[in-house]
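# Per-entry structural report
What follows is each chain in one-letter form.
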Amino acid sequence: MNTAGHSTAKAPRGLELTPFRGLRYDPDRVGSLAAVTSPPYDVVVRPDGLHHLQSADPHNIVRLILPEAGTPEARNAQAAATLRRWRAEGILTADPEPGLYVYEQRDGDGMVQRGIIGALRVSDPEERLVLPHEDVMPHIVADRADLMRATSANLEPLLLTYRGDGSAAGATADVIERTAERPPLLATTTEDGFHHRLWSVTDPVDLTAVQRELAGHQALIADGHHRWATYRRLRAERSSPGPWDHGLVLLVDTARYPLRVRAIHRLLHDLPVADAVTALDGLFRVRRLDAPLTEAVNVLAEAASAGNAFLLAGDGAFHLVDRPDPDLLARTIPMDRPAAWRTLDATVLHATLLDHVWRVPDSPAHIAYIHDTVATVEKAERDGGTAVLMHPVHEDVVRDLARQGVTMPRKSTSFGPKPASGLVLRALDL
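First, a word on scope: everything that follows refers to the structure included in this document.

Cut-offs applied
Residues numbered from 1 in each chain as written. Predicted model: local features only at pLDDT ≥ 70, side-chain atom pairs only at ≥ 80, totals over all residues. Heavy atoms only, no water. Helix = DSSP H or I, 4+ residues; strand = E, 2+ residues; numbered from the N terminus. Rg over C-alpha atoms; globule rule 2.2 N^0.38 Å. Buried < 20%, exposed > 50% of the residue type's maximum accessible area, 1.4 Å probe, protein only. Contact = heavy atoms within 4.5 Å. Lys, Arg positive; Asp, Glu negative; His and termini not counted. Charge placed at Lys NZ, Arg CZ, Asp CG, Glu CD. Pairing = 2+ DSSP bridges. Expected span 1.5 Å × (residues − 1). Arc of directions from axis to C-beta. Phe/Tyr/Trp six-rings, centres within 6.5 Å; stacked < 30°, edge-to-face > 60°. Lys NZ or Arg CZ within 6 Å of the ring centre and 35° of its normal. Axes fitted to C-alpha atoms, helices over the stretch in contact; angles between N-to-C directions. Core = buried A, V, L, I, M, F, W, Y, C linked by side-chain atoms within 4.5 Å. Salt bridge = Lys/Arg side-chain N within 4 Å of Asp/Glu carboxyl O.

## Some details on the overall build of the protein
Summing up its helical and strand segments, the protein has 15 helices and 21 strands in all. Here the protein has a C-alpha radius of gyration of 22 Å; the compact-globule value for 430 residues is 22 Å, and the two agree. Projecting the C-alpha coordinates of the protein onto the three principal axes gives extents of approximately 65 × 45 × 45 Å. Here the protein holds 430 residues, and the buried ones make up 55% of them. The long-range share in the protein, meaning contacts at least 24 apart out of those at least 6 apart in sequence, stands at 79%. Here the protein holds 47 positive side-chain charges and 57 negative ones, and the gap between their average locations is 4 Å.

## Focus: the side chain of Lys418
In this structure, Lys418 sits in the loop between β20 (414-416) and β21 (426-427). A residue is classified by how much of its surface remains accessible, and Lys418, at 16% relative accessible area, is buried. Excluding its chain neighbours within four sequence positions, the residues that come into contact with Lys418 are Pro40, Val43, Gln105, Leu159, Asp223 and His371.

## Some details on the environment of Val30
Following the sequence through the fold, Val30 ends up in the loop between β2 (23-25) and α1 (33-36). For Val30, a relative accessible area of 9% translates into the label buried. Residue contacts for Val30: discarding those within four places in its chain leaves Tyr25, Val36, Asp57, His59 and Ile91.

## Some words on the pairing of strand β17 (residues 318-322)
When you tally the buried positions in β17, you get 5 out of 5 residues, the bulk of the element. Side-chain alternation along β17 places Phe318, Leu320 and Asp322 on one buried face and His319 and Val321 on a second face that is also buried. The pairing of strand β15 (residues 285-289) with β17 spans 5 bridges and is classified as antiparallel. Across the sheet, Arg285 pairs through a bridge with Asp322, a residue of β17. Linking two consecutive strands that pair antiparallel, namely strand β16 (residues 309-313) and β17, is a turn of 4 residues; a positive phi of about 140° is found at Gly314 within it.

## Some remarks on helix α4 (residues 72-88)
The terminal C-alpha atoms of α4 lie 24 Å apart, and with 17 residues this matches the ideal 24 Å at 1.5 Å per residue to within 8%. Those residues of α4 not exposed but buried are Asn76, Ala79, Ala80, Thr82, Leu83 and Trp86. With its buried residues spanning 160° around the axis, α4 presents them on a single face. More than 90 degrees from the buried face of α4, the exposed residues found are Glu73, Arg84 and Ala88. In the core, the buried residues of α4 are packed alongside β2, α3 (62-65), β3 (92-94), α5 (138-151) and β7 (153-154). Following α4 by one or two positions, Gly90 adopts a phi angle in the positive range, close to 80°.

## Some thoughts on the packing of aromatic side chains
Counted according to the given criterion, the structure contains 3 aromatic pairs. Ring centres 6.1 Å apart and planes at 70° place the aromatic pair Trp228 and Tyr231 in the edge-to-face group. One end of the pair, Trp228, and the other, Tyr231, are both in helix α8 (residues 225-237), 3 residues apart, so they sit about a helical turn from each other. The exposure class of Trp228 is buried, given its relative accessible area of 6%. The exposure class of Tyr231 is buried, given its relative accessible area of 3%. Taking the ring centre of Tyr41 as reference, the NZ or CZ of Arg144 above it sits at 4.0 Å. One cation-aromatic arrangement involves Arg337 over Trp341; the distance from NZ or CZ to the ring centre is 4.5 Å.

## Quick word on the sheet that holds strand β14 (residues 265-268)
Strands pair in a sheet through their backbones, by hydrogen bonds, and they do so in one of two ways: parallel or antiparallel. Spatially, β15-β17-β16-β19-β14-β18 is the arrangement adopted by the 6 strands of the open sheet, whose pairing is antiparallel. Edge positions in the sheet fall to β15 and β18 (367-370), since each of these pairs with one other strand and no more. Taken pair by pair, the neighbouring strands of this sheet meet at an average axis angle of 25°, ignoring direction. Pairing of β16 with β17, which is carried by 5 bridges, proceeds in the antiparallel orientation.

## Here we look at the nonpolar core
Judged by nonpolar contacts, the single largest core of 112 residues is most densely connected at Tyr25, Ile117, Leu251, Phe310 and Trp358. Apart from the residues within four sequence positions on either side, Leu251 is in contact with Leu15, Leu17, Gly115, Ile116, Leu160, Tyr162, Leu214 and Ala219. Judged by nonpolar contacts, the second largest core, of 18 residues, contains Leu267, Ala296, Leu300 and Val377.

## What to know about the pattern of salt bridges
Per the stated rule, a full pass over the model turns up 24 salt bridges. The shortest N-O distance in the salt bridge between Asp206 and Arg178 comes to 2.9 Å. A residue pair is termed long-range when its members are at least 10 positions apart, and Asp206 in helix α7 (residues 204-214) and Arg178 in helix α6 (residues 171-179) qualify at 28 residues. Using a relative accessible area of 13% as the deciding quantity, one classes Asp206 as buried. Between Asp290 and Arg288 there is a salt bridge, and its shortest N-O distance comes to 3.1 Å. Overlapping salt bridges bring together Glu104, Arg106, Arg114, Glu177, Arg197 and Arg256 as one network.

## Some words on unusual backbone geometry
Comment: phi is negative for the bulk of residues other than glycine, and the bulk of peptide bonds are trans. Between Gly416 and Pro417 the backbone carries a cis peptide bond, its omega angle lying at 5°. Note on placement: Pro417 falls in the loop between β20 and β21. The phi dihedral of Ser152 is positive, around 50°, even though this residue is not glycine. For Ser152, the location among the structural elements is in the loop between α5 and β7. Since its relative accessible area comes to 29%, Ser152 is described here as partly exposed. In this structure, Arg359 is a non-glycine residue whose phi angle is positive, near 55°. The class for Arg359 is exposed, based on a relative accessible area of 62%.

Here you go:
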C-alpha cells in the first residue's frame, strides 16, 4: 500500500509532508555507500563525470538517473529494468515502515546542514505553496517525466527551503535535533569531502508535530525546478488519487541552516572569446585580466557589488565585462518586471548579451550550463568557446522575487549543498 496517498478532504493551506517507505542501498551488497551516490542529475558534467561515477561502482545511482543507450526510449527502459533488477537482487531494499528522514550534511569547514525528507503533496501554482524562482525548459521536463513514468519512482529528492523562526524550539527543529543525537541509518563521506548521515522518523507523535508545523509554511524551490514541474505534469495525467499526488523532497529551514548560493556559469559553444569581446566594443567596459582564476573571481565579485559584471574566459586569459551602456539596457531589458529582476546579472546576460549583442540562442546546441567554475573554463579553452562566469545572487533577492510571482532566468542560481542522490529513493509501488 502506498503511504503517500491522496486525501479527499479539502487541501491544507500549507505544506503537506507525508511519510513513505524509503528505498535504500543495502551496504553489504555494494562496495561503499559513497561509491553508489551521485550529485543531482543536472550537476553531473557529461561525459567526464558520468563515466567517473559509473566506474566507481556498478550500482552507482547514475545508471538510474542518467542511463546511457541509443535512444531516449531505450535509456528509460534500461533504467526501469535496472531498478527492477536491483530491487529483486536486494541491492536496493525498502525500509520496513513509513517514515520521514532527517538528513545531515557536513563539510570540513564546519558547515552543517540538516533537513527533513518526505513525500510532499504536489500543489498547483495558484496555491502559492511551492514557489519557483526560475523558468523551466519543456524538453527537460518531458525527459524527466519519461524517466519517472518508466521507473515509477522518484529517484532523487528536490531541495526546497522554508523559513522557520531560527530557533531549535519549533516542532520540526526539535524533531530534527533530537533525531540527530541517535545512531544514524547510514553514514558516509563522498569524494567531495561531505559527510552524510540519514535517520528515519517513525514515531507518530513526531510525525504529527512536523506535519502540523509545516502546514503553516510555504517553500522556495532551491534546486529541482524541472523535477517539480515533472511532478506536476505526472500528477495532472492521473485522474484518480494516487502516489503521483506526491513527490520526493528535502525541506531545509534556512533561518536555521542557511544555504550557500553559488552561480551557474555558461559555456557558449560556438562563440570564440575574441568575437565575444569585439562585439562588446562601446556597449560594455572590457578589461583583460592576466591573473589566476581565484584572483579573477575576486575582481568579478568586487565589480558585481557596483553593478552588472561578468568574466569571460576561454583564450587563456580572463576578461572582466562591466559598466553596461544605460541606453543599451533600456532598449533590451523588459520594463514590466520589478527593478530587482531588471538588474539581475542573469537578466542582463540573457536579454542584452545573448539575445541582442551576441545573438546566441538559449538551446543545448549553443549553451551549456555548468556549476563548476574550473570545469567551465577548461571546457571553453579546450573547445574554443566562451565561458561566461557569473557572480551569485543573494538568497533574499531570490525569495523576494519568488513571493512576487516573478521568475528569474533559468539557471540563475545554484543553492547548496545539494542532497546526494542515491541515499534514499521513493518507489511508487511501496
